[in-house]
Amino acid sequence: MITARYHREIPQRYRLEAAKCSSCGHVSFPPRLVCPQCKARKFEAVNLSDEGTIVTFTVVRVASDKFSKETPFGVGIVELNDGVRVTAQIADVHPDELKVGQKVKLVFRRVQEDGKAGILCYGYKAVLA
Amino acid sequence: MRDVVVIGAGMTKFGELWEKSIKDIFVEAALKAIDDAGVDHIDSMYVGAMSSGLFVGQEHLGAVMADYLGVTPIPATRVESACASGGASFRQAYLEVASGASEIVLAGGVEKMTDGADVTEALATAADQEYEVYQGITFPGLYAMIARAHMERYGTTREQLAAVAVKNHRNGAKNPNAQFRSEVTAEQVMKSTMVADPLRLLDCSPVSDGAAAVIVASMEVAKKLKKNPIRVIASSQASDTIALHSRRDITTLDSVVRAAQKAYKLADKKPSDINLVEVHDCFTIAEITATEDLGFFEKGTGGEAAEKGWTSIECKRIPVNTSGGLKSKGHPVGATGVAQIIELYEQLNGKAGARQVEGARIGMAQNMGGSGASCVIHILEAI
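Residues numbered from 1 in each chain as written. Chains lettered and ligands numbered in written order. Predicted model: local features only at pLDDT ≥ 70, side-chain atom pairs only at ≥ 80, totals over all residues. Heavy atoms only, no water.

### Section: the overall build of chain A
Put simply, the test is: The helix count covers DSSP runs of H or I at least four residues long, the strand count covers runs of E at least two residues long, and both are numbered beginning at the N terminus. Only protein chains enter the accessibility calculation, which uses a 1.4 Å probe; a residue whose area is less than 20% of its type maximum is buried, one above 50% is exposed, and one in between is partly exposed. Each accessible area value is a Shrake-Rupley result obtained with a 1.4 Å probe; residue values ignore everything except the protein chains displayed when judging cover.
The helix and strand inventory of chain A stands at two helices and eight strands. When burial is assessed residue by residue, chain A has 41% of its 129 residues classed as buried. In the structure as shown, chain A presents an accessible area of about 6900 Å², 50% of it carried by carbon and sulfur atoms.

Given below as structure tokens:
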């Protein structure tokens with residue numbers, strides 16, 4: 001992954017920075033130029049809650065080559081306490097113990113490696129609260 | 001807009017076609033379609049393909065295929081809407097003829113998936129790269145999350161998912177172009193290798209090579225050729241959020257609901273008027289949600305419908321995926337949407353052999369891209 005591409009997502013991946021529509025209050029993550037709800041174009045920066053609930057999940061057992069050494073791993077859709085949903089790996093738990101409705105917290109982790117010579121890529125993963 | 005008809009169809013067998021290149025298979029399907037229609041020329045052509053760049057390192061497929069088909073200098077354009085590329089290709093051909101800009105247009109689709117690419121990674125490019133795929137999610141994983149949510153909310157069972165695969169393999173066994181011409185049992189499905197819980201290998205459509213093409217023409221051309229044309233009575237398309245997690249409801253694919261509403265309105269038909277439907281069963285759960293979102297069954301009851309056999313050819317309530325669907329026929333992604341149209345063309349002409357739905361006059365095709373961010377629907381009617 002080219003570093004510029006990685007760098008520009010850092011505010012979202014490291015700090016959960018989102019955009020709250022100045023007109024209708026809808027929170028977009030990642031930030032957008034047009035509010036998907038009311039089509040307004042003005043936003044204020046907000047940080048998402050790092051706590052939430054598992055809405056649905058899976059256990060990836062066949063992954064792309066990049067993630068194949070990490071299988072099996074849990075991935076879920078997490079609804080954060082402010083209502084925004086994100087897709088995140090669910091770490092530090094045996095996949096068989098995952099359940100819909102479990103409370104989780106997003107933490108800062110290494111998410112992937114860009115081959116042997118590339119950069120290490122960080123971001124959020126969910127762990128059971 | 002004026003009446004548009006399908007007057008010819010051709011496809012390769014779907015499967016692991018190691019002896020043939022992407023050019024070979026596209027040209028084979030296109031020539032079959034041209035010969036079947038009996039036309040001496042085409043005015044333009046569309047090539048549906050999801051990711052030829054990642055699968056075989058070849059873009060610019062419009063020109064590539066026009067060249068190898070020997071039809072230069074006609075306009076030739078590649079169309080991409082992930083796994084709905086084939087349906088989108090057909091829709092472009094439909095619109096071009098309906099508008100009066102052309103009389104005879106070839107709508108094709110192709111994918112060559114077994115040439116060594118990381119297929120899981122290539123397919124995942126249809127999801128949000130930065131906010132879904134970055135976390136390691138795969139396409140089976142995305143549909144597995146839909147399946148789990150559907151099971152939690154509506155009580156859909158593992159057996160009901162398996163019933164979809166069993167039925168589609170039963171149909172595909174009767175299709176000479178299908179990748180898997182073998183039946184499977186529910187037990188085999190439920191004991192197959194886990195791919196992304198709760199989806200197992202036999203819940204997933206396979207990795208396939210294949211191409212499909214149809215000839216779309218004006219009614220005037222069809223009359224001159226004295227063909228048995230099949231009329232396109234609705235063409236609709238809808239989009240939704242690219243990320244599954246941004247959807248209003250994870251168990252409902254709104255793009256399917258919206259495209260279906262539009263299609264029924266355009267055709268002036270309702271779900272009970274449809275005699276058969278080809279749905280985009282990339283995974284067993286996708287057939288269950290599609291039969292609900294297209295209005296054939298109430299939300300939450302698609303699993304029960306599959307288990308009770310209401311989607312079988314014999315039942316006639318609404319035969320679903322008589323071709324074997326993506327599950328058994330195979331899923332060369334760019335070709336799939338066109339192959340769905342071919343199944344309708346054969347069925348509505350009464351030429352589907354052992355898979356024939358007796359008296360079929362109206363058929364629907366639902367082709368989907370990504371985890372439901374694109375949906376293309378067509379309704380065809382025998383004249």
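### Digging into the domain arrangement of chain A
Residue and element names in this part refer to chain A. Quick note on the threshold: The domain boundaries here were taken from an automatic or database domain assignment. Residue contacts are defined here by distance: any two heavy atoms, one from each residue, within 4.5 Å place the two residues in contact. Two parts placed together each lose some accessible area under a 1.4 Å probe, and the buried area is that loss summed for both. Any carboxyl oxygen of Asp or Glu within 4 Å of a side-chain nitrogen of Lys or Arg constitutes a salt bridge here.
Under the domain assignment used here, chain A contains domain 1 (1–48) and domain 2 (49–129). Between the C-alpha centres of domain 1 and domain 2 there is a distance of 20 Å. Facing eleven residues of domain 1, the contacting portion of domain 2 comprises 16 residues. Between domain 1 and domain 2 lies a buried interface of about 1100 Å² when both sides are counted; carbon and sulfur atoms form 71% of it. Linking domain 1 with domain 2 are zero salt bridges, by the criterion used here.

### Overview of helix α14 (residues 333–348) of chain B
Worth spelling out the cut-off: A helix is expected to reach a length of 1.5 Å times the quantity of its residues less one.
Here α14 of chain B contains 16 residues, and its C-alpha end-to-end distance of 24 Å stays within 8% of the 22 Å for a straight helix at 1.5 Å per residue. Where α14 of chain B ends, the next residue or the one after it, glycine 350 of chain B, has phi of about 70°, a positive value.

### Description of the confidence of the model for chain B
What counts here: pLDDT expresses how confident the predictor is about each individual residue, on a scale running from 0 to 100.
With 100% of its residues at a pLDDT of at least 70, chain B reaches an overall mean of 97. The complex prediction reports pTM at 0.98, with the ipTM value standing at 0.97.

### So, the sheet that holds strand β3 (residues 43–47) of chain A
All names here are of chain A. This is how it is decided: Two strands make a pair as long as DSSP finds a minimum of two bridges between them.
Strand order across the open sheet formed by three strands is β2-β1-β3, with antiparallel pairing between neighbours. Taken across any chain shown, the strands that pair with only one partner, and hence form the sheet edges, are β2 (27–28) and β3. Pairing between strand β1 (residues 17–21) and β2: two bridges, direction antiparallel. Across the sheet, the residue bridging to lysine 20 is valine 27, located in β2.

### Things to note about the pattern of salt bridges
Residues and elements named next belong to chain B. Evaluated as defined, the whole model comprises 32 salt bridges over all chains. As a salt-bridge pair, glutamate 287 and lysine 167 come within 2.6 Å of each other at their nearest N and O atoms. A residue pair is termed long-range when its members are at least 10 positions apart, and glutamate 287 in helix α11 (residues 284–293) and lysine 167 in helix α7 (residues 158–172) qualify at 120 residues. Take glutamate 287 and lysine 167: they sit in the same class, and that class is buried. Each of Asp3, Arg231, Lys269 and Glu381 takes part in a single network of salt bridges with overlapping partners.

### Concerning the side chain of threonine 291 of chain B
Residue and element names in this part refer to chain B. Checked against the element boundaries, threonine 291 lands in helix α11. Given the relative accessible area of 1%, threonine 291 is considered buried. Not counting the four nearest positions on each side in its chain, threonine 291 is found in contact with Phe296, Phe297, Gly302 and Val320.

### Thoughts on the interface of chain B and chain A
Cut-off, in case you're wondering: We call two N or O atoms a polar contact when they sit within 3.5 Å, provided that within protein one can donate a hydrogen and the other can accept it, with sequence-adjacent residues counted only if both atoms are side-chain atoms.
Taken together, the contact between chain B and chain A spans 27 residues of the former and 36 residues of the latter. Interface of chain B and chain A: buried area, both sides summed, is about 2700 Å²; carbon and sulfur atoms make up 53% of it. For glutamate 130 of chain B, the salt bridge identified is with arginine 5 of chain A, shortest N-O distance 2.8 Å. For the pair chain B and chain A, the number of links is 16 residue pairs in polar contact (both at pLDDT 80 or more). With six residues, helix α6 (residues 139–154) of chain B is the largest single contributor of residues to the side of chain B that touches chain A.

### Overview of the pairing of strand β8 (residues 120–128) of chain A
Bridge count for strand β7 (residues 103–113) of chain A against β8 of chain A is nine bridges, and the pairing is antiparallel. What sits directly across from phenylalanine 108 of chain A, in β8 of chain A, is tyrosine 124 of chain A.

### Description of the domain arrangement of chain B
All names here are of chain B. According to the domain assignment, chain B consists of domain 1 (4–118 + 207–230) and domain 2 (120–203 + 233–382). Placing the centre of domain 1 and that of domain 2 at their C-alpha centroids yields a distance of 22 Å. Each side of the interface is counted separately: domain 1 has 45 residues, and domain 2 has 39 residues. Taking both sides of the interface into account, the surface hidden between domain 1 and domain 2 amounts to around 3300 Å²; carbon and sulfur atoms contribute 67%. Interface area lost by domain 1 to domain 2 is led by Phe14, Cys83 and Ile230, which between them contribute 22%. Counting across the domain 1 and domain 2 interface gives zero salt bridges. Summed over the shared surface of domain 1 and domain 2, the result is 17 residue pairs in polar contact (both at pLDDT 80 or more).

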